Amino acid sequence: MPSPGDAGPVALDGFELRVLHLPLVSPFTTSFGTETVREVIVVRALTPDGDGWGEIVTQEAPLYSSEYTQGAWDVARRWLIPALLDRARLAPHDVAETLAPFVGHRMAKAGLELAVLDASLRAQGVSLGAHLGAVRDRIPSGVSVGIQSDPAALVEAVAGYLDEGYRRIKIKIKPGRDLADTAAVRAAFGDIPLQVDANSAYTLADADTLAGLDDFGLLLIEQPLREDDLVDHAALARLLRTPLCLDESITSAKAAADALALGAAAIVNIKAGRVGGHLEAVRVHDLCRAAGVPVWCGGMLETGIGRAANAALAALPRFTLPGDVSASDRFYRRDIVTDPIVLDDGHVRVPTGPGIGVGIDGGALEEFTVAREVVRR
Ligand code: OSB
Ligand code: MG
């Protein structure tokens, strides 16, 4: 059922998919591995009234989630896109429902939905921020810092980001690289807004180590346990003073409601890709807002396309903590948009142009494309 705020339908001629390889300015190491190149899928919705752009935020390997580039590529071209092209006209709010019979593959669905949403909003001259309910024109910017060779190198990396003006530091941790790394950052920089992200690297048996993090006055501990471990997260939460925040576990608004009901999270990281799209992300936001739970906007090393869309999402009212919406140059020397997001006084601007509000740099897009396919109706 359409509601008054819904974006109008588009006539879909087809979709273009591209796999991009973007070199990172420095390696990014998490508990699940090191990346030096960002592999990502860019989606272009083709309509008679203009193109729309989206990004499928999968990574090359299924290490953060079960989704990965070639799986997303296959399910998009074999199943998801044909289902969307079956509809003569399609409104953005009908994308998720049309794709609902296909289990999982939320990042692939989110990238397709964003492309349709962008095409629709560009045709209507409405910005994504305005459409989603943004209440700010700029947002405070946090940065996610990968695991470095040792705590001294981590301190040096964090110093650089603080100098640039980032308003909140998140450091990645894993077993053996947790307490000393966190202590080093606290000792070097005092009372800065600081949080840690474990990307599911621990079990409940590590509760004593994780309780050791209570000494550092962190804003939160992000996803210490596995994606499915909601009950264990709830048990862990009772053993810690530091608030637990879930990332991987929050795969939908329903999953968020369940996590909150269980006491598995006091704070929620919202990523549109992980929950199947920006419209579902707004539903996660709305239910957290109703429950009095703070949220912040996570990131997946997005290109300028997904980064612009993240900035729009992060401008909603309950995004009260700085998110991982950093400047494009934190990851990339050259972006694929004409107006990459920059850091200004520790903030990033919420785009105001139609749709995601950024233009595509065709030359850069070509430079980084390693595979391309067009699926037409
Ligand atoms: O867990 O938040 C995460 C990057 C890839 C996969 C998972 C995560 C991350 C980050 C980087 O932390 C966030 C960013 O885009 O800046
Ligand atoms: Mg995370």
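Above this text sits the structure in question.
Residues numbered from 1 in each chain as written. Chains lettered and ligands numbered in written order. Predicted model: local features only at pLDDT ≥ 70, side-chain atom pairs only at ≥ 80, totals over all residues. Heavy atoms only, no water.

1. Let's talk about the pairing of strand 2 (residues 14-30)
And step 1. The element strand 2 is largely enclosed, with a buried count of 12 among its 17 residues.
And step 2. Note that strand 2 and strand 3 (residues 33-47) share 13 bridges and pair antiparallel. Note on strand 3: the bridge partner recorded for Pro23 is Val37.
And step 3. What sits between the antiparallel neighbours strand 2 and strand 3 is a turn of two residues. (Buried < 20%, exposed > 50% of the residue type's maximum accessible area, 1.4 Å probe, protein only. Helix = DSSP H or I, 4+ residues; strand = E, 2+ residues; numbered from the N terminus. Pairing = 2+ DSSP bridges.)

2. With respect to the state of the cysteines
And step 1. As enumerated under the stated definition, the model contains zero disulfides in all.
And step 2. Cysteine Cys288 remains unbridged, with the sulfur of Cys245 as its closest cysteine sulfur at 9.6 Å.
And step 3. Given the relative accessible area of 0%, Cys288 is considered buried. (Disulfide = S-S within 2.5 Å.)

3. Side note on the coordination of the magnesium ion (ligand 2)
And step 1. On the protein side, the magnesium ion (ligand 2) has Asp197 (OD), Glu222 (OE) and Asp247 (OD) as donor atoms, found 2.1 to 2.3 Å from it.
And step 2. Each donor residue of the magnesium ion (ligand 2) belongs to the same chain, with the gaps between them written as D-x24-E-x24-D. Here Asp197, found in strand 9 (residues 194-197), pairs with Glu222, found in strand 10 (residues 221-222); they are 25 residues apart in sequence, far enough to count as distant.
And step 3. Looking at Asp197, the relative accessible area reads 1%, which means it is buried. (Donors = N, O, S within 2.8 Å, 3.2 Å for Na, K, Ca; no water.)

4. Some remarks on the environment of Phe102
And step 1. Residue position: Phe102 is located in the loop between helix 2 (92-99) and helix 3 (106-124).
And step 2. Here Phe102 falls in the partly exposed class, since its relative accessible area comes to 23%.
And step 3. Sequence separation between Phe102 and Pro9 is 93 residues, and the spatial gap between their C-alpha atoms is 22 Å.
And step 4. Setting aside chain neighbours within four positions, we find Phe102 in contact with Trp79, Leu80, Ala83 and Lys109. (Contact = heavy atoms within 4.5 Å.)

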